[in-house]
Amino acid sequence: MSDSEASNSNLSNILNNIYRCEDKNNWYSEVAQAYERTRPRYPAKILEHLQEIAQLHSSKVMLEIGTGSGIASVEFAKMGMQMICLEPSLPACRLAQQKCAAYPNVQFINTTFEEWELTNQKFDVVVATTSFHWLTPGIRTQKTAAALKEDGLLILLWNTPPQTSNEVYQALTDIYQTYAPELDKYETLANYQENLGKMGQEVIDSGYFKDLTEEYLISKVNYSIDDYLALLSTLSPYIRLQREQRDSLFAELRQILQLNFDNPLELTYLSLMQMAHKS
C-alpha cells in the first residue's frame, strides 16, 4: 500500500470508527469548555452563502444534530429560525443553551439523534455540524429524510481539526512515536476533503437525497501553544488516551513547541458545506 493510500485509509477509519464510543452522552463532557474555547468557527463566508442559497429566514424550521457547545447554533439562531437542537453531552448542551438564551425560538434537547423521537413535525432544514459521522450508518440518512418536509434540505457542515505545518509535525514526530505512536500521522487537507466527500456521496447513494452541492474554504488561524494543546484534548483520538499517557504527551509537546517555534502557532483548517434535497 502506498503512503497516500495508507493515509486515506487512516482517515477513513477515523471518520467511520474513531468517533463511535459506548456512551456518546459523555464523550465530550470533560472537555466541553475547551471545546467551546478552541474549536474553530464556521467561516462567515460559508454561513452567508448557506443562508442565501438555502433561504434561511424566520419562516423556516431547522433541526440541528450534534450542536456541541453551540458554535453553529448561535449563528443559525441569529437568522431568526425556529430551531430544535439535539446534543447528547449535557455540559455541551448547557453551554449551547447559554449562548442562545436570547433566542426564544431555539430549543435544546439533551439526547442523541438515534434516541430522539420523530413526531409529526417536519423540518425545512436538517443540519449536522461536524457530527454526521457520529450517527449510526443506515439510520442517519433514513431518519434525516423522514424528519424533512418534501424537498427539504439536508446540510452537512464540517470543520476539520486545525493542524500545524509539516515542519512543526516533523519536529514532534519523535514525541508521538514515544508516547502515542498511533497518533503519529499528518493528514493533508486534500485527504480530509476526499474523505468528507465520501460522506456526501453516501447521502446520495442512500436514495433519500438528490442534487448534492459542495463548497469548501481553507482558513488560517493563530493558536497559542496552550490553546493548541487544549484543542488537541478535544479531539477523539486524544480523548481515547489514558490520562497519564495524554499528560506526558502534552508535556513533551509543549516543551518542543516552546523551544523551537513562535507562539502563537499558525494553523490551517478546512471548512466544507454539503447540501442535498430530499428525493
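This text gives an overview of the structure that appears in the document. (Residues numbered from 1 in each chain as written. Predicted model: local features only at pLDDT ≥ 70, side-chain atom pairs only at ≥ 80, totals over all residues. Heavy atoms only, no water.)

### A look at the pairing of strand β5 (residues 148–159)
- For β5, the buried fraction is high: nine of the 12 residues fall into the buried class.
- Pairing geometry for strand β4 (residues 123–129) and β5, over six bridges, is parallel. Bridged to Val 125 within β5 is Leu 153.
- One crossover worth recording links β4 to the parallel β5 by way of helix α6 (residues 139–147), and it is right-handed.
- Relative to strand β7 (residues 265–278), β5 is paired through seven bridges, and the arrangement is antiparallel. Bridged to Asn 159 within β7 is Ser 271. (Buried < 20%, exposed > 50% of the residue type's maximum accessible area, 1.4 Å probe, protein only. Helix = DSSP H or I, 4+ residues; strand = E, 2+ residues; numbered from the N terminus. Pairing = 2+ DSSP bridges. Right-handed = clockwise from strand over helix to strand, strands pointing away.)

### A short note on the layout of surface pockets
- In this structure, the largest pocket spans a volume of roughly 240 Å³.
- Surrounding the largest pocket, 16 residues form its lining, Gln 163, Thr 164, Ser 165, Val 168 and Glu 266 being those nearest its centre.
- Looking at the lining of the largest pocket, the elements with two or more residues in it are α7 (166–179) and β7.
- For the lining of the largest pocket, the element with the highest residue contribution is β7, accounting for three residues.
- Among the residues forming the lining of the largest pocket, the class breakdown is six nonpolar, five polar and five charged. (1 Å grid on protein atoms, 1.4 Å probe; cavity = no way out; pocket = protein on both sides within 12 Å on 5 of 7 lines; lining within 4 Å. Points joined across faces, edges and corners; volume = space filled by probe spheres on them. Nonpolar A, V, L, I, M, F, W, Y, C, P; charged D, E, K, R; others polar.)

### Some remarks on the nonpolar core
- Core analysis: the largest hydrophobic core is formed by 33 residues, its most contacted members being Leu 50, Leu 56, Met 62, Phe 76, Met 83, Ile 155 and Leu 157.
- Looking at this core, the elements that each hand over two or more residues are α3 (44–54), α4 (73–77), β2 (82–86), α5 (90–99), β3 (106–109), β4, β5 and β7.
- Counting residues per element, this core draws most heavily on α3, which supplies four residues.
- Among the nonpolar cores identified, the runner-up in size contains 24 residues, and Ala 147, Leu 148, Val 203 and Phe 209 belong to it. (Core = buried A, V, L, I, M, F, W, Y, C linked by side-chain atoms within 4.5 Å.)

### Observations concerning the pairing of β3
- Residues Val 106 and Phe 108 line the buried face of β3, whereas the alternating positions Gln 107 and Ile 109 sit on a face that is not buried.
- Relative to β3, β2 runs parallel, the two sharing four bridges. The residue of β3 that forms the bridge with Leu 86 is Ile 109.
- Crossover β2 to β3 through α5 is right-handed.

### Concerning helix α9 (residues 225–233)
- Most of α9 is tucked away, with seven of its nine residues classed as buried.
- For α9, every residue scored as buried is listed here: Ile 225, Tyr 228, Leu 229, Ala 230, Leu 231, Leu 232 and Ser 233.
- Those residues of α9 that are buried are in contact with α2 (32–38), α7, β6 (209–223), α10 (236–239), α11 (243–260) and β7. (Contact = heavy atoms within 4.5 Å.)

### Description of the packing of aromatic side chains
- Applying the stated criterion across every chain yields a total of four aromatic pairs.
- Ring geometry for Tyr 169 versus Tyr 186: centroids 5.3 Å apart, planes at 40 degrees, classification tilted. Placement of the pair is Tyr 169 in helix α7 and Tyr 186 in the loop between α7 and α8 (189–205), with a sequence separation of 17 residues.
- Owing to a relative accessible area of 27%, Tyr 186 belongs among the partly exposed residues under this scheme.
- With a centroid separation of 5.9 Å and 40 degrees between ring planes, the pair formed by Tyr 238 and Phe 250 is classed as tilted. Taken together, the residues span a long stretch of sequence, with Tyr 238 in helix α10 and Phe 250 in helix α11 at a distance of 12 residues. The pair formed by Tyr 238 and Phe 250 is uniform in burial state, with each residue classed as buried.
- Ring-pair connections join several aromatic residues into one group, and the members of that group are Phe 113, Trp 116 and Phe 123.
- It is Lys 143 that lies over the ring of Phe 113; its NZ or CZ is 5.0 Å from the centre. (Phe/Tyr/Trp six-rings, centres within 6.5 Å; stacked < 30°, edge-to-face > 60°. Lys NZ or Arg CZ within 6 Å of the ring centre and 35° of its normal.)

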